[in-house]
Amino acid sequence: MKITVLLIIALSALYGAQNTKSYECTKIFEERKNELLVELGRIDEQRQSLDALKSATEELLRKKEAMIQGKDTKVDQKLQDIKAKEASIKKMLDENKKVLDEIKNLKSEKVSQTFAKMKPAASAGILSQMSSDEAAAIMSTLNSKAVGQILAKMDSKKGSEITLKLRQLPTNKQ
């Protein structure tokens with residue numbers, strides 16, 4: 001009987017020790033579980049914060065892209081306006097150049113007619129006072145007979161200078 005009592009005491013001590021170990025493990029697991037739940041809550045808060053930041057950044061990016069697209073459209077419109085104005089200015093320039101050429105031609109014809117009507121001696125006197133380039137330009141519009149008569153009445157040095165200039169002119173009507 002003593003053995004039975006001792007056996008019962010030994011078994012109850014052993015069972016109590018196992019119960020205590022089981023209780024301690026459960027307690028540790030519960031504490032760790034609580035710690036993990038707190039950490040999981042913190043991670044979830046950070047994830048929600050990150051999602052909010054991501055959506056705010058995406059919205060800001062969409063707004064910036066829309067603003068840039070609007071500015072690109074304005075720049076394209078201004079570029080088209082500039083090209084249209086440039087074409088208009090070029091057209092006006094061409095028209096002005098044509099008018100200027102016509103005026104120059106009319107003036108040249110008028111001067112040419114004036115010198116053609118003058119006596120060779122009078123023409124030679126006037127042309128001798130001009131630069132060789134100007135005199136050659138005027139004489140290039142006259143017929144060769146008038147040029148010869150004018151050159152004959154000029155100083156030989158001035159006549160030779162004008163003759164050289166006449167040879168250098170690309171559109172020589174002689």
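Fair warning: this is a prediction, and the values are worked out from it, not measured in the lab.

About the cut-offs
- Residues numbered from 1 in each chain as written.
- Predicted model: local features only at pLDDT ≥ 70, side-chain atom pairs only at ≥ 80, totals over all residues.
- Heavy atoms only, no water.
- Helix = DSSP H or I, 4+ residues; strand = E, 2+ residues; numbered from the N terminus.
- Buried < 20%, exposed > 50% of the residue type's maximum accessible area, 1.4 Å probe, protein only.
- Contact = heavy atoms within 4.5 Å.
- Core = buried A, V, L, I, M, F, W, Y, C linked by side-chain atoms within 4.5 Å.
- Patch = residues over 30% accessible without salt bridge, like charges linked within 9 Å, V, L, I, M, F, W, Y side chains within 5 Å.
- Areas by Shrake-Rupley, 256 points an atom, 1.4 Å probe, with all protein chains shown as cover.
- Salt bridge = Lys/Arg side-chain N within 4 Å of Asp/Glu carboxyl O.
- Lys, Arg positive; Asp, Glu negative; His and termini not counted.
- Charge placed at Lys NZ, Arg CZ, Asp CG, Glu CD.
- Axes fitted to C-alpha atoms, helices over the stretch in contact; angles between N-to-C directions.
- Parallel < 35°, antiparallel > 145°, perpendicular 65-115°, else oblique.
- Left-handed = near helix turned anticlockwise from the far one by under 90°.

(A) Structural context of the overall build of the chain. On a plain count of helices and strands, the chain comes out with 5 helices and 0 strands. Starting at the N terminus and ending at the C terminus, the chain contains elements arranged as α-α-α-α-α. Across the 174 residues of the chain, 11% fall into the buried class. Here the analysis covers contacts within the chain between residues at least 6 apart in sequence; of these, 63% occur between residues at least 24 apart.

(B) The arrangement of the nonpolar core in detail. In terms of nonpolar packing, the biggest core is built from 14 residues, with Leu 127, Met 139, Leu 142, Ile 150, Met 154, Ile 162 and Leu 166 touching the most fellow members. Elements represented by at least two residues in this core include exactly helix 2 (120-129), helix 3 (132-139), helix 4 (144-153) and helix 5 (156-168). Per-element accounting of this core gives the leading share, 4 residues, to helix 3. For Ile 150, the contacting residues outside a window of four places in its chain are Pro 120, Ser 123, Ala 124, Leu 127, Met 139 and Leu 142.

(C) How the structure looks around a positive patch on the surface. On the surface, Lys 64, Lys 71, Lys 74, Lys 78 and Lys 85 cluster together to form a positively charged patch. Position of Lys 71 relative to the elements: it lies in helix 1 (residues 2-117).

(D) Region of the structure containing the packing of helix 2 against helix 4. In the contact formed by helix 2 and helix 4, the axes pass within 8 Å of each other and the chain directions differ by 70°. Put simply, helix 2 runs roughly perpendicular to helix 4. Every pair of crossing elements has a handedness; the one defined by helix 2 and helix 4 is right-handed. Contact residues: helix 2 offers Pro 120, Ala 121, Ser 123, Ala 124 and Leu 127, while helix 4 offers Gln 149, Ile 150 and Lys 153.

(E) The environment of Ala 124, seen in detail. Turning to its location among the elements, Ala 124 is positioned in helix 2. Looking at Ala 124, the relative accessible area reads 2%, which means it is buried. Taking the C-alpha atoms as reference points, Ala 124 and Gln 149, 25 residues apart in sequence, are found 8.7 Å from one another. The residues contacting Ala 124, other than those within four sequence positions of it, are Ile 150, Lys 153 and Met 154.

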